[in-house]
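Topology and contacts: notes
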Amino acid sequence: RFRDWAGKDLKGNNELLLLTRPEVIAEIHRKYYEAGSDLVETNTFGATCIGQHDFLFREHPAGRKDPAFFDRVINDPFLCEVTRDMNLAAARLARTEAERAQKADGRPRYVAGAIGPMPVTASLSPDVNDPGFRSVRFDQLRADYRAQVDALLEGGVDVLLVETIFDTLNAKAALAAIEDAFEAAGARVPVMISGTITDRSGRTLTGQTVEAFWNSVCHVNPLSIGLNCALGPREMRPFVEELVRIAPTFTCFYPNAGLPDPLSETGFPATPATLAPQL
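We now turn to the structure provided with this report. (Residues numbered from 1 in each chain as written. Predicted model: local features only at pLDDT ≥ 70, side-chain atom pairs only at ≥ 80, totals over all residues. Heavy atoms only, no water.)

Considerations on helix α7 (residues 168–185)
Here α7 spans 25 Å end to end across 18 residues, near enough to the 26 Å set by a 1.5 Å rise per residue. All buried positions along α7 are accounted for by T168, N170, A171, A173, A174, L175, A176, A177, I178, A181 and F182. Where α7 is buried, its residues contact β2 (110–115), α6 (138–155), β3 (159–165), β4 (191–195) and α8 (210–217). For α7, the N-terminal capping position is held by D167, with its side-chain oxygen 2.9 Å away from the main-chain nitrogen of L169. Just downstream of α7, G186 is the residue with a positive phi angle, here 70°. (Helix = DSSP H or I, 4+ residues; strand = E, 2+ residues; numbered from the N terminus. Expected span 1.5 Å × (residues − 1). Buried < 20%, exposed > 50% of the residue type's maximum accessible area, 1.4 Å probe, protein only. Contact = heavy atoms within 4.5 Å. Polar contact = N/O pair within 3.5 Å; in protein donor to acceptor, adjacent residues only side chain to side chain.)

Quick notes on the packing of helix α3 (residues 49–56) against helix α5 (residues 77–105)
One way to put it is that α3 packs onto α5 with a least axis distance of 10 Å and a crossing angle of 115°. Considered as vectors, α3 and α5 are oriented roughly perpendicular to each other. The element α3 and its partner α5 pack so that their crossing is right-handed. For the pair formed by α3 and α5, the contact residues are C49, Q52, H53 and L56 on the first element and F78, L79, C80, V82, T83 and M86 on the second. Residues of the contact of α3 with α5, tallied by class, amount to seven nonpolar, three polar and no charged. (Axes fitted to C-alpha atoms, helices over the stretch in contact; angles between N-to-C directions. Parallel < 35°, antiparallel > 145°, perpendicular 65-115°, else oblique. Left-handed = near helix turned anticlockwise from the far one by under 90°. Nonpolar A, V, L, I, M, F, W, Y, C, P; charged D, E, K, R; others polar.)

A few points about the nonpolar core
Judged by nonpolar contacts, the single largest core of 68 residues is most densely connected at I50, L56, I115, L141, I178 and I193. With eleven residues, α5 is the single largest residue contributor to this core. Those residues in contact with I115, other than ones at most four positions away along the chain, are Y145, Q148, V149, L152, L160, L161, V162, E163, A174 and I178. Counting five residues, the second-largest nonpolar core is a separate cluster that includes A112, V159, M192 and C252. (Core = buried A, V, L, I, M, F, W, Y, C linked by side-chain atoms within 4.5 Å.)

Quick look at the packing of aromatic side chains
Summed over the entire model, instances satisfying the criterion amount to five aromatic pairs. Between F2 and W5 the ring centres are 5.7 Å apart and the planes differ by 55°, which places this aromatic pair in the tilted class. A residue is classified by how much of its surface remains accessible, and W5, at 23% relative accessible area, is partly exposed. Taken together, a centroid distance of 5.1 Å and an interplanar angle of 80° make the contact between F69 and F70 edge-to-face. Look at F69 and you get buried, because its relative accessible area is 2%. The exposure class of F70 is buried, given its relative accessible area of 1%. Linked through ring pairs, F2, W5 and F78 together constitute an aromatic cluster. One residue, R64, lies across the ring of F133, its end atom 3.6 Å from the ring centre. (Phe/Tyr/Trp six-rings, centres within 6.5 Å; stacked < 30°, edge-to-face > 60°. Lys NZ or Arg CZ within 6 Å of the ring centre and 35° of its normal.)

Focus on α8
Within α8 the residues assigned to the buried category are V210, F213, W214, S216 and V217. Looking down the long axis of α8, one finds its buried residues gathered within 160° of arc, a one-sided arrangement. (Arc of directions from axis to C-beta.)

As for the layout of surface pockets
Estimates place the volume of the largest pocket at around 1,000 Å³. Lining the largest pocket are 29 residues, and of these Y32, V40, E41, E163 and Y254 sit closest to its centre. Sorting the residues of the lining of the largest pocket by element identifies α2 (22–34), β1 (39–41), β3 and β6 (250–253) as the ones contributing at least two each. A per-class count over the lining of the largest pocket returns 17 nonpolar, eight polar and four charged. (1 Å grid on protein atoms, 1.4 Å probe; cavity = no way out; pocket = protein on both sides within 12 Å on 5 of 7 lines; lining within 4 Å. Points joined across faces, edges and corners; volume = space filled by probe spheres on them.)

Regarding empty space enclosed by the protein
Summed over the entire model, instances satisfying the criterion amount to one cavity of 30 Å³ or more. Estimated volume of the largest cavity: approximately 40 Å³. As for the largest cavity, its lining consists of I115, G116, P117, Y145, V162, I165, F166, D167, N170 and A171. By residue class, the composition of the lining of the largest cavity is seven nonpolar, two polar and one charged.

Notes on the sheet that holds β1
Ordered by their spatial adjacency, six strands build an open sheet running β1-β2-β3-β4-β5-β6, and the pairing between neighbours is parallel. Sheet topology places β1 and β6 at the edges, where each strand pairs with a single neighbour. On average, each strand axis in the sheet is tilted by 25° relative to the strand beside it, whichever way the strands run. With three bridges joining them, β1 and β2 adopt parallel strand pairing. (Pairing = 2+ DSSP bridges.)

What to know about the state of the cysteines
Throughout this description, disulfide means a covalent bond between two cysteine sulfur atoms. Tallying each qualifying case throughout the model produces zero disulfides. Residue C80 stays outside any disulfide, its sulfur separated by 3.9 Å from that of C49, the closest cysteine. For C80, a relative accessible area of 31% gives the class partly exposed. C229 forms no disulfide, and the closest cysteine sulfur to it belongs to C252, at a distance of 12 Å. Overall, C229 belongs to the partly exposed group, its relative accessible area being 41%. (Disulfide = S-S within 2.5 Å.)

Printed below as a string of structure tokens:
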């Protein structure tokens, strides 16, 4: 489909590999299962119309991107078709590898449908000179997320994972879309939620503390609440302890190996030998 693509540069569009090189994504899933993972997430972090628009939307905004621009994005037939195909392919690839691994040793394996944060924010203005401006509306995010959720569920995911949350309002749009999809389907799957504490201040990018973040999303009764890879284990530990203390549900954490360090042998401050004991 993209062999003769003449549009924007596609370098870095990892979700496009689902359609152009599915065997690469399948191999990554397979290696995680073989290494002992019980659950892998689909390669759908940016598989929404808004998430893909910088790569695949043929129109360039005349000025700054605004809600009128994103109305055209989320209703673009080509984008809608491609992102649906991405999410379906992702869920089915991961499902196939989960079943392969389970058949090999009899241990259950699961697939989490990954739902990323979008490259836009509903809480903050992208224009420092116009703090009241928003490039996107809540209902636009909700509609775009709904299309992704529907395709992931159709593809057979066991869990929905709303992750890397830097703006809780974006996440609430995703959670609202999930509830819409459950209601329409008459069935539910568990929901996992993972936020991003950006630095030692213990706040998300939009200023919420760990406790405020939990209080903003606990109404959906998630299977788990957690934090992901903006911090290493030592930096994340105080926020882990706080979330474990206040959240009456399962918790999940996946810290990183530190900020990229080109002088390190692995490209990060922590090595497998030093990171593993911390985990």
